[in-house]
Amino acid sequence: MATVLKIQGGFPLNGTIQISGAKNSALPLMVACLLTDQPLTLTNVPNLADIRTTTQLLEILGVVATQGEDTRTLCASHITSTTAPYDLVKTMRASVLVLGPLVARYGIARVSLPGGCALGARAVDVHLEGLRAMGATCDLDEGYIIAKAPNGLHGANFTMRVVSVGATENLMLAASIAKGQTILRNVAREPEIVDLANCLNAMGAKVEGAGTDTITIEGVSALHGATYKVMPDRLETGSYAIAALITGGDVVLKNTSLDYLPMVRETLEKAGAVFEEEVDGFRIYQNGPIQGVDVMTEPYPGFATDLQAPMMALMGICEGASMITETIFENRFMHVPELVRMGANIQVHGASAMVRGVKKLSGAPVMATDIRASIGLVAAGLAAKGDTTISRLYHLDRGYDSLETKLQGCGAIVERIKVDAS
Ligand code: UD1
């Protein structure tokens, strides 16, 4: 038996959704515990498979983890291993974030290479180039990256060839306890980078410039414990905003902010969305039929690649057409054949997809291929006529906390059901 998500589509979402803490922020913040022998307590931690995987990985390294409903306390006072094994890294690429902190604090780290990924090559070369600039040696042995810096890391001037969120985080973590000053240029500017800088500074680090393209870090000899609240999940926020629009609904998103979504807001407004800011969140609804708009994914503050799939679902029912161009990841159009099975009119030409709006999507059995493709299919299913069943739910569970409950609270007819796997 396999579990699928069954959606009876065609009902507008109406109501309030509480946004959870950001997965992409919580993961590096959890890893920051490796930089101190004192406890790090995080609040507003989402309940997700990736958080459980990260906890498991940290426990393998010797971290003692305790948890409350949405809190995690992590204490790395007695690290017993510096190896991140293949079995965990292959399920979650962000595991590579332990590389920088481990080599910075313990002088050695052995982290499995992530290997094949549904989104393309997703190299870690920039992570390694940065660590080498800080004095580490990085070699590959039997599928593992072995990073060594027996005398600790030193500060460096490092310019990233590629704007990488993960590499920016890895190097910030490492540089916070390296000897001397590190200047990182051409870094990612995502709000999650700012969240990590704020948490590191609360732990005694000296990080400046996060949110701009240059980050300066004065290394300190040791960090201390702290309590820190994870920022709201802007990708979950954007996903539900699009779900509200695609169903013709009217939804209030709470515990979040429009400040994290500048380009998404601008694009959705062009498509016909109305945003009304509220205390601790905003309301979203549509002002007439959805219009086709062109979208190009870009590093923050551009349109987030993680919202490309739900945006494509929305454009599937627009008036007119939309050209959607993916510039961050190769292979990030795997939701296209599934949307086409639901009646969407989409042609892919290299890194661009031409979406011609249709009047109505129709429900169908579809298969999820990654976290964000999954939410694109959920959005399409909510708008479609008839039933949609989405298989491979483990992708959805990596990134969306309490999805069914949140959607049901707004009138959606959605449930997990067991089906014959054959
Ligand atoms: C993070 C997010 C993910 C988001 C992505 C881009 C987390 C846990 N995940 O992923 O949801 O879609 O940012 O916003 O925060 N690259 C290299 N060499 C490297 C590193 C990256 O060539 O060493 C390339 C990648 O192949 C990709 C691009 O850079 O084409 C961006 O990747 P990156 O920003 O590193 O993404 P992640 O940190 O993995």
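Residues numbered from 1 in each chain as written. Predicted model: local features only at pLDDT ≥ 70, side-chain atom pairs only at ≥ 80, totals over all residues. Heavy atoms only, no water.

**A few points about the packing of aromatic side chains**
(1) Moving on: Across all of its chains, the model carries one aromatic pair by this definition.
(2) Moving on: Summarising the aromatic geometry, the rings of phenylalanine 275 and phenylalanine 282 are spaced 5.6 Å apart at their centres and angled 50° between planes, so their arrangement reads as tilted.
(3) Moving on: When its relative accessible area of 0% is taken as the criterion, phenylalanine 282 is described as buried.
(4) Moving on: Stacked on the ring of tyrosine 144, the Lys or Arg arginine 110 has its end atom at 4.2 Å from the ring centre. (Phe/Tyr/Trp six-rings, centres within 6.5 Å; stacked < 30°, edge-to-face > 60°. Buried < 20%, exposed > 50% of the residue type's maximum accessible area, 1.4 Å probe, protein only. Lys NZ or Arg CZ within 6 Å of the ring centre and 35° of its normal.)

**Brief notes about the environment of glycine 143**
(1) Moving on: On the secondary structure map, glycine 143 appears in the loop between β8 (137–141) and β9 (144–148).
(2) Moving on: Beyond its immediate sequence surroundings of up to four residues, glycine 143 is in contact with Ser112 and Leu113. (Helix = DSSP H or I, 4+ residues; strand = E, 2+ residues; numbered from the N terminus. Contact = heavy atoms within 4.5 Å.)

**Here's the deal with the site of the ligand**
(1) Moving on: Neighbouring the ligand are 19 residues; Asp125, Ser164, Val165, Asp306 and Ile328 lie closest to it.
(2) Moving on: Between an oxygen atom of the ligand and a main-chain N or O atom of alanine 123, the distance comes to 3.3 Å.
(3) Moving on: Serine 164 has a polar side-chain atom sitting 2.6 Å from an oxygen atom of the ligand.
(4) Moving on: Bound to the protein, the ligand loses 84% of the 740 Å² it would expose on its own.
(5) Moving on: Residue assignment for the shell around the ligand shows that the elements contributing at least two residues are α5 (125–133) and α6 (165–175).
(6) Moving on: With three residues, α5 is the largest single contributor of residues to the shell around the ligand.
(7) Moving on: Looking at the shell around the ligand residue by residue, the classes come out as eight nonpolar, five polar and six charged. (Near = heavy atom within 4 Å. Polar contact = N/O pair within 3.5 Å; in protein donor to acceptor, adjacent residues only side chain to side chain. Areas by Shrake-Rupley, 256 points an atom, 1.4 Å probe, with all protein chains shown as cover. Nonpolar A, V, L, I, M, F, W, Y, C, P; charged D, E, K, R; others polar.)

Spatial relationships are all this shows, so hold off on functional conclusions.
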